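One letter stands for each residue in the lines below.
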Amino acid sequence: MGERAEGVVWAVVADDGQVLLVARADGWGLPSGTPEPAETAGATAERAVYELTGYLVDGSQPLRPADDGLTVVVCPLLSESPSEGASLTQEEIRWVPFAEAADAGLPGAARDYLRGHTSV
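Residues numbered from 1 in each chain as written. Predicted model: local features only at pLDDT ≥ 70, side-chain atom pairs only at ≥ 80, totals over all residues. Heavy atoms only, no water.

A. Up close: the overall build of the chain. The helix and strand inventory of the chain stands at three helices and seven strands. Each helix and strand of the chain, ordered N terminal to C terminal, gives the series β-β-β-β-α-β-β-β-α-α. A globule of 120 residues ought to have a C-alpha radius of gyration of about 14 Å, and the chain, at 13 Å, matches this closely. Considering only C-alpha atoms, the chain reaches an extent of 40 × 35 × 25 Å along its principal axes. Counting across all 120 residues of the chain, residues that qualify as buried make up 43%. Counting only contacts in the chain whose residues sit at least 6 apart along the sequence, the fraction spanning at least 24 positions is 61%. With an accessible surface of roughly 6,700 Å², the chain has 48% of that area assigned to carbon and sulfur atoms. (Helix = DSSP H or I, 4+ residues; strand = E, 2+ residues; numbered from the N terminus. Rg over C-alpha atoms; globule rule 2.2 N^0.38 Å. Buried < 20%, exposed > 50% of the residue type's maximum accessible area, 1.4 Å probe, protein only. Contact = heavy atoms within 4.5 Å. Areas by Shrake-Rupley, 256 points an atom, 1.4 Å probe, with all protein chains shown as cover.)

Have a look at this one:
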């Protein structure tokens, strides 16, 4: 489903008004990954989230790129708790309210999505 992805794919994992952030060298950000050969953006997002956090997600909702042209996929959560074997520890994974995440230096399409789903 979908075309082969290029560049970095960012995953917006949303659940109950919160979004999943992971620790990065420069602070907190969305889970992301680089596509493997012939992998779609959705498949890349699913794999990256699972490998980083252990959560299973559905990567079937790519967003239209914003002005920054970055690839972002909305990934509804499929598992309530992470499986073992994630590359990040629980201290490196955080759930934050949409409103808090919308200003966290996210890719444009992710920021637009979260702002559109945040009660004002």
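B. Representation of the pattern of salt bridges within the structure. All told, the structure shown has three salt bridges when counted by the stated rule. A salt bridge links Glu-36 to Arg-47, with the shortest nitrogen-to-oxygen separation between them at 3.7 Å. Highlighted residues: Glu-36 in the loop between strand E4 (32-33) and helix H1 (41-53) and Arg-47 in helix H1, separated in sequence by eleven residues. A salt bridge links Arg-47 to Glu-39, with the shortest nitrogen-to-oxygen separation between them at 2.8 Å. Glu-39 matches Arg-47 in its accessibility class, with the two residues each being buried. Residues joined in a network through salt bridges with shared partners are Glu-36, Glu-39, Arg-47 and Glu-51. (Salt bridge = Lys/Arg side-chain N within 4 Å of Asp/Glu carboxyl O.)

C. Fine view of unusual backbone geometry. The phi dihedral of Asp-16 falls on the positive side, at around 55°, and the residue is not glycine. For Asp-16, the position within the fold is in the loop between strand E1 (9-15) and strand E2 (18-24). The phi torsion at Ala-38 lies on the positive side, around 65°, for a residue other than glycine. By secondary structure assignment, the location of Ala-38 is in the loop between E4 and H1.

D. Fine view of the packing of aromatic side chains. Going through the model one piece at a time under the given rule, you end up with one aromatic pair. Between Tyr-55 and Trp-95, the ring centres sit 5.6 Å apart and the planes meet at 85°, which makes this aromatic pair edge-to-face. Of this pair, Tyr-55 sits in the loop between H1 and strand E5 (61-62) while Trp-95 sits in strand E7 (residues 93-97), and the two are 40 residues apart along the sequence. For Tyr-55, a relative accessible area of 6% translates into the label buried. Take Trp-95: its relative accessible area is 25%, and that puts it in the partly exposed class. (Phe/Tyr/Trp six-rings, centres within 6.5 Å; stacked < 30°, edge-to-face > 60°.)

E. Structural detail: the nonpolar core. Of all hydrophobic cores here, the largest spans 17 residues; its most connected members are Val-12, Val-19, Leu-30, Leu-106 and Leu-114. Listed by contribution, the elements that provide at least two residues to this core are E1, E2, strand E6 (71-76), helix H2 (98-101) and helix H3 (108-116). Of all the elements, H3 adds the most residues to this core, at four residues. Listed in part, the 16 residues of the second largest apolar core include Val-9, Leu-20, Val-57 and Val-73. (Core = buried A, V, L, I, M, F, W, Y, C linked by side-chain atoms within 4.5 Å.)

F. Here's a closer look at H3. Listed in full, the buried residues belonging to H3 are Gly-108, Ala-109, Ala-110, Tyr-113 and Leu-114. Buried positions along H3 lie against E1, E2, E6 and H2.

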